[in-house]
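Examination of the molecular architecture
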Amino acid sequence: MTTSNEISGHAWLSGLVVQARDVHGGLHHHAAPQQLPTPHQLPRLAPHFVNRTEEINTLDEARRAGSGLVVISGLVGVGKTTLAARWLSTITDAARPELYAELSGLAGPARPEDVLQPWLRAFGIDRPPAGLRELSALWRSVTAARPVSVLLDTVSDADQVPPLLPAGASSMTVVTSRRALWELAVDGAAALSLGPLDPRSSIKLLARFTGEERIAAEPEATAVLANRCAHLPLPLVLAGARLKSRPHRSLAAAADALVHPRREDPARMAISAGLTETYASLGAAAQYVYRSLALLPVDAVDPDMVSTVCRLARDDAERLLEILADEQLLTLGTSYVGPGPCYRMASAVHEHALALAERHDEPGERQRLVGRLCEWMLATAAQAQLRLTPAQATLQQQDAPPPPDRVPFSDDAGAMAWLESHEKNVLGVLRMAQTQGWDDIVWRLVDAYWPFFLRRHPYALWIETHEIALDSARRTGNQAAVRQMLNSGAIGLSSAGRLDQAITWYTSALEAARVGSDRRDEGQALLGLGACHYEAARPRQADPYLHEAIALWDGCGYPRGAALATIVLGEIALTDGDPERAQGLFANARCTLLAAEDSYDAARALALYGRARALAGDPATGIGEMKAAAGVFEAAGSTRWLARVLEMLGTTHQESGDSEAARPYYQRAAELMAPIRPADAERIARLEQAL
């Protein structure tokens, strides 16, 4: 008996498929896309919210009048964020995305691009573009037909806001700031100046913690306590939480504790006095952690970090952070991608804790504490680099820092998650280390972050950190480090499309390598220069740089580098219309890269070889090779190269007269390119539209 089990035609398969025998026809297999949850990033609603009826009515009227932007201004501790989050939650249903960003932190004002990138990732765009103009344009496209609610918290400058505004007419953005930000009136902003609570509401807020009976028993002391808290929600909540935890303490004693010995601004005095009382109630270990956190130039802290810098067992560090959070001195972070919880310190609390640290801790101990932070960041990042990109960790391997007492990851995904979780901490740590003169830590930390730069493409951070690290490397006199920063920084510049600046950096790297007689670094700079000229459509200028790099690397025994340069020569041959010559170059490069166990770059050579073979008259074989390469890039999460191969597959099918087979390849290539190279995405979309 003869049986048949075939799939024919232009089949598009999704999910698990079992095929007993031959498969015929154009076969496409794609993993189902991950379904991301709707972002709901607004801070947790405070349970101690009272009154504000008039203010909520003002916000409702502004919305009814068509305003999609509101600025809530007021003193520290007046409850701006609490009001904004509560009001936004009342106008948002479960299907409507809610976005949140804090725009003033310990490292200074947040850049709009640092806010837009995680927002876009929350909408499933894995690799957002680098430049603010492209990021903002993509953000407007994402929100054009999808209403969102946005809370921009602690804005320090009006210029931070416009790039973050959603495009949809039904979206709502609330800005909180100490300043009125009158400049935003040109963007149609409505303004709400938030003042202290009225006396009755202040007492009601205290009663949420103490109960009505204690308030009724001491009405005069309650009024004095509310007055000494300046009727501001933050100190009232601090005082109320302290009274709740001490049921036998009188309200009169609590009011007496808020008497400040100096004359100053009532709001500042109330907040400072409330924080001081809370601090005084802590144990010595919690007090030390509280003071220490104010010295750390980071956006957020986690138990591993605090364990190291404060010389505590990790369990003790976690417990003390929870105590500080319970006392409302810290807030639990949101949108954190790391392996454990993170905590943040509000600016008013940070100011108080820093003053205590400067008063109680010796300068030498403060410096040693910051030094432990910098050394821990470097040691942990170096472990991530050695795991993720060992071939690029040459300088770390020569003089590797000892690993931390506890490495907070055990696999590649965990290592990348750790690097990503400290993305906002890197600049602050680098600047602190540079201020202290720890230049070796600066350039080594930037070098250790290479896998994060390579896979996540945060171009602005990539370039800024390398500028800082290059300066530090030059001060150390370590020429190998200087060359490393020049070459890896130039890769970031060229990837961001800043080719002229990349050429300048590569030229400096070339000169430094020749002075230092380092042929391997000299070849890297030559390859970079050749690749930049090729990207700039100057293949004739690229050619001599590439041949010189190959000659150097052949001479010093670095075949992998020679193979990488050979790939670019093959691309030039394709541009020149010589697919037969290109096939030979790609085949040789792939063979060398496989021998060097570099499967990723070998897949690049295979993809281009497949395209050359199709152009030489064998499209069926070429398509098979391009598909094999696409599988490697899909597994590696390489968005840009996967998109390139898909475009080549679409072009090859189109040239073979099968426009319908080409269409899905073009569509997916454009989708992948949109976040990282919008211009290329538009070009590919036009190819699909022309079918």
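Some details on the overall build of the chain
Of the regular secondary structure elements, the chain holds 32 helices and 11 strands. Counting only C-alpha atoms, the chain reaches 95 × 60 × 60 Å along its principal axes. A total of 691 residues make up the chain; the buried ones form 52% of that total. The long-range share in the chain, meaning contacts at least 24 apart out of those at least 6 apart in sequence, stands at 65%. In the structure as shown, the chain presents an accessible area of about 30,500 Å², 51% of it carried by carbon and sulfur atoms.

Here's the deal with the nonpolar core
In terms of nonpolar packing, the biggest core is built from 143 residues, with Tyr-290 and Leu-293 touching the most fellow members. Contact partners of Tyr-290, with chain neighbours within four places excluded, come to Leu-275, Tyr-279, Leu-324, Leu-329, Met-345, Val-349, His-352, Ala-353 and Leu-356. Counting 25 residues, the second largest nonpolar core, distinct from the first, contains Trp-119, Trp-139, Ala-158 and Leu-181.

Here's the deal with unusual backbone geometry
Trans is the prevailing form of peptide bonds, just as negative phi is the prevailing case for residues other than glycine. In the Ramachandran plot, Asn-51 falls in the positive-phi region, its phi being about 55 degrees despite a non-glycine side chain. Mapped onto the secondary structure, Asn-51 falls in the loop between strand S2 (26–30) and helix H1 (53–64). Unlike most non-glycine residues, Arg-311 shows phi in positive territory, near 55 degrees. Assignment of secondary structure puts Arg-311 in the loop between helix H12 (303–309) and helix H13 (314–326). With relative accessibility at 55%, the residue Arg-311 sits in the exposed group.

Comments concerning the pattern of salt bridges
Inspection of every chain in the model, using the stated rule, returns 40 salt bridges. With its nearest N and O atoms 2.9 Å apart, the salt bridge here joins Arg-514 to Glu-522. Under the relative-accessibility criterion, Arg-514 is labelled partly exposed at 42%. Close ionic contact of Arg-663 with Glu-660 constitutes a salt bridge, the shortest N to O distance being 3.4 Å. Placement of the pair is Arg-663 and Glu-660 together in helix H31 (residues 659–673), with a separation of 3 residues, close to one helical turn. Judged by its relative accessible area of 21%, Arg-663 is partly exposed. A relative accessible area of 52% places Glu-660 in the exposed class. Salt bridges sharing partners connect three or more residues here, namely Arg-111, Asp-114, Arg-431 and Glu-464.

With respect to the pairing of strand S7 (residues 149–153)
Counting buried residues in S7 gives 5 out of 5 residues, a clear majority hidden from the surface. Neither face of S7 is exposed, since Ser-149, Leu-151 and Asp-153 on one face and Val-150 and Leu-152 on the opposite face are all buried. Here S7 pairs with strand S8 (residues 172–177) via 4 bridges, running parallel. Across the sheet, Leu-151 pairs through a bridge with Val-174, a residue of S8.

A look at the sheet that holds strand S9 (residues 190–193)
Overall, parallel pairing links the 5 strands, which are arranged S4-S7-S8-S3-S9 in an open sheet. Single-partner strands in this sheet number two, and they are strand S4 (98–102) and S9. Strand-to-strand twist in this sheet, taken as the mean axis angle between neighbours without regard to direction, amounts to 15 degrees. Note that strand S3 (residues 69–73) and S9 share 4 bridges and pair parallel. Bridge pairing in S9 links Val-71 to Ala-191.

Comments concerning the state of the cysteines
Under the definition given, this model contains 0 disulfides. Here Cys-374 is not cross-linked by a disulfide; its sulfur's nearest cysteine counterpart is in Cys-310, at 14 Å. No disulfide involves Cys-556; its sulfur sits 19 Å from the nearest other cysteine sulfur, which is in Cys-591. Looking at Cys-556, the relative accessible area reads 34%, which means it is partly exposed.

Regarding the packing of aromatic side chains
Per the counting criterion, the structure on display carries 13 aromatic pairs. A centroid spacing of 5.0 Å and a plane angle of 40 degrees characterise the contact between Trp-119 and Trp-139, whose relative ring orientation is tilted. You can see Trp-119 sitting in helix H3 (residues 112–122) and its partner Trp-139 sitting in helix H4 (residues 132–143), a full 20 residues away along the chain. The two residues Trp-119 and Trp-139 agree in class, both being buried. Put simply, the rings of Tyr-449, Trp-450, Phe-452, Phe-453, Tyr-459 and Trp-462 touch in pairs and so form one group of aromatic residues. Positioned over the ring face of Tyr-558 is Arg-520, at 3.8 Å from the centre of the ring.

Points about the side chain of Ser-202
Summarising the element assignment, Ser-202 is placed in helix H5 (residues 199–210). In this structure, Ser-202 is in contact with Leu-197, Ala-226, His-231 and Leu-236, ignoring residues within four places of it in sequence.

Describing the packing of H31 against helix H32 (residues 678–689)
With their axes 8 Å apart at the nearest point, H31 and H32 run at an angle of 165 degrees to one another. Judged by the inter-axis angle, H31 sits roughly antiparallel to H32. In this structure, H31 meets H32 at a crossing whose hand is left-handed. Contact with H31, carried on its side by Arg-663, Tyr-666, Gln-667, Ala-669, Ala-670 and Met-673, involves Pro-678, Asp-680, Ala-681, Ile-684, Ala-685, Leu-687 and Glu-688 of H32 and no other residues of that element. Among the residues making up the contact of H31 with H32, the classes are represented as 9 nonpolar, 1 polar and 3 charged.

Description of the environment of Leu-295
Mapping Leu-295 onto the fold places it in the loop between helix H11 (284–293) and H12. The class of Leu-295 is buried, set by a relative accessible area of 13%. Through-space distance from the C-alpha of Leu-295 to that of Ala-353 is 8.6 Å; in sequence the pair is 58 residues apart. Other than its neighbours up to four places away in sequence, Leu-295 contacts Leu-354, Ala-357, Arg-366, Leu-369, Val-370 and Met-432.

Notes on helix H18 (residues 426–435)
Taken as a whole, H18 has its buried residues at Val-426, Leu-427, Gly-428, Val-429, Leu-430 and Ala-433. Residues of H18 that are buried in the fold lie against helix H15 (363–388), helix H19 (439–448) and helix H21 (459–476). Once H18 finishes, Gly-437 follows within two positions and takes phi at roughly 85 degrees, a positive value.

A few points about the packing of helix H29 (residues 619–636) against helix H30 (residues 639–655)
Interhelical geometry of H29 versus H30 gives an angle of 160 degrees and a closest axis separation of 9 Å. Looking at the two axes, H29 sits roughly antiparallel to H30. Where H29 crosses over H30, the handedness of that crossing is left-handed. Contacts between H29 and H30 involve Pro-619, Ile-623, Met-626, Lys-627, Ala-630, Phe-633 and Glu-634 from the first element and Trp-641, Leu-642, Val-645, Met-648, Leu-649, Thr-652 and His-653 from the second. A breakdown of the residues in the contact of H29 with H30 according to their chemical character gives 10 nonpolar, 2 polar and 2 charged.

Each value, and the rule that gives it
Residues numbered from 1 in each chain as written. Predicted model: local features only at pLDDT ≥ 70, side-chain atom pairs only at ≥ 80, totals over all residues. Heavy atoms only, no water. Helix = DSSP H or I, 4+ residues; strand = E, 2+ residues; numbered from the N terminus. Buried < 20%, exposed > 50% of the residue type's maximum accessible area, 1.4 Å probe, protein only. Contact = heavy atoms within 4.5 Å. Areas by Shrake-Rupley, 256 points an atom, 1.4 Å probe, with all protein chains shown as cover. Core = buried A, V, L, I, M, F, W, Y, C linked by side-chain atoms within 4.5 Å. Salt bridge = Lys/Arg side-chain N within 4 Å of Asp/Glu carboxyl O. Pairing = 2+ DSSP bridges. Axes fitted to C-alpha atoms, helices over the stretch in contact; angles between N-to-C directions. Disulfide = S-S within 2.5 Å. Phe/Tyr/Trp six-rings, centres within 6.5 Å; stacked < 30°, edge-to-face > 60°. Lys NZ or Arg CZ within 6 Å of the ring centre and 35° of its normal. Parallel < 35°, antiparallel > 145°, perpendicular 65-115°, else oblique. Left-handed = near helix turned anticlockwise from the far one by under 90°. Nonpolar A, V, L, I, M, F, W, Y, C, P; charged D, E, K, R; others polar.

Geometric descriptors of this kind do not, in isolation, establish any biological role.
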